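Next come the chains, spelled out residue by residue.
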Amino acid sequence: FDGSGSDAIETNIAIKDGIIAEIGECAGKASQIIDANDAIITPGFIDLHTHYDGQVSWDEELAPSVNHGVTTAVLGNCGVGFAPCRKDDRDKLVRLMEGVEDIPGTALHEGLKWNWESFPEYMDAIDAMPHTIDFAVMVPHDPLRVFAMGDRAVFNQPANDADIENMRGLVREALDAGAMGLSIGRSDFHKTSDGDWTPGSEAGKDELVGIAKAFDGVGHGVLQAVNDFDMLRPGETFETEFDLMEAFFKAGKGRPGSMSLMERDFAPDDWRNIIRRTEVMNAEGLDISLQ
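Residues numbered from 1 in each chain as written. Predicted model: local features only at pLDDT ≥ 70, side-chain atom pairs only at ≥ 80, totals over all residues. Heavy atoms only, no water.

## Brief notes about the pairing of strand 4 (residues 70–75)
Cut-off, in case you're wondering: Strand pairing follows a simple DSSP-based rule, namely that at least 2 bridges must link the two strands. In DSSP terms, a helix is any run of H or I states spanning at least four residues, a strand is any run of E spanning at least two, and both are numbered starting from the N terminus.
The pairing of strand 3 (residues 45–47) with strand 4 spans 3 bridges and is classified as parallel. Within strand 4, the position partnered with Phe45 by the bridge is Val70. Note: strand 4 against strand 5 (residues 134–137), 4 bridges, orientation parallel. Directly across from Thr72, in strand 5, lies its bridge partner Asp134.

## Description of unusual backbone geometry
Our working rule: Relative accessibility under 20% of the residue-type maximum defines a buried residue, over 50% an exposed one, and the middle range a partly exposed one, all with a 1.4 Å probe and only protein chains included.
In this chain, Ala63 is followed by Pro64 through a cis amide linkage whose omega measures 10°. Examined against the element boundaries, Pro64 turns out to sit in the loop between strand 3 and strand 4. With an omega dihedral of -5°, the bond running from Ala83 to Pro84 counts as a cis peptide bond. Positionally, Pro84 belongs in the loop between strand 4 and helix 1 (90–101). Backbone geometry at Lys253 places phi at a positive 55°, although glycine is not the residue there. One can find Lys253 in the loop between helix 8 (238–251) and strand 9 (257–259). Take Lys253: its relative accessible area is 47%, and that puts it in the partly exposed class.

Remember that the coordinates give geometry; whether it matters functionally is a separate question.
Shown next as structure tokens:
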């Protein structure tokens, strides 16, 4: 299976210097032959939603993804992660990851090396580690907000113009260093291990739009939003919350994006509404996929 979606074919594959050199007869002499009869040969899988942000700094295998044929893992989903981060904020981000993704804080405290502060330094640190599979990283909104706003971010205070400009600059710095995107999380299920709201869960339109403008002129990168459309203030509706998501994606200057899709018992039509609004966005020129 070549990954294109076409039907399977039975054929030979020749590999030279780690690269597929020929598909077909492959009549040349081989130093090693692998009999793959009754097996399936595929390209490596991209695991586009993982939370190895801590594990990647101490574990070269990234199990269990590597055990499932994954050759590239994408980190930094849902707006949570460990960079950028100042020394005094490390425990905040550990409690955040522990609460949101149920990753034990004891393991994170023991394993994280914290030989970084900025996001490019984090990228350098994890890139210097030996690793079995490839990975790509997105800038997560929560640590970005804490880095720029300190305790004001934790107590869900609104970002001012200086905060937004700072965060936009930090995202641009990360993108220029090779980060592959920006992720935000707005789910009422996401809380710290202390039961507190995540730092970016109720960020306003000015903040999200202002940060997304970091993509202007970059030419690469994606925007990811996790939103269950339940964190609604008085007077807000699904439509007003989706308007905010639309503004966020549009501010990304045409870069592709993805957004969560789910069915909820107490909001049984939301998944249909998410698809409806996303199809309208895409018809207007955006490129948003659903996870």
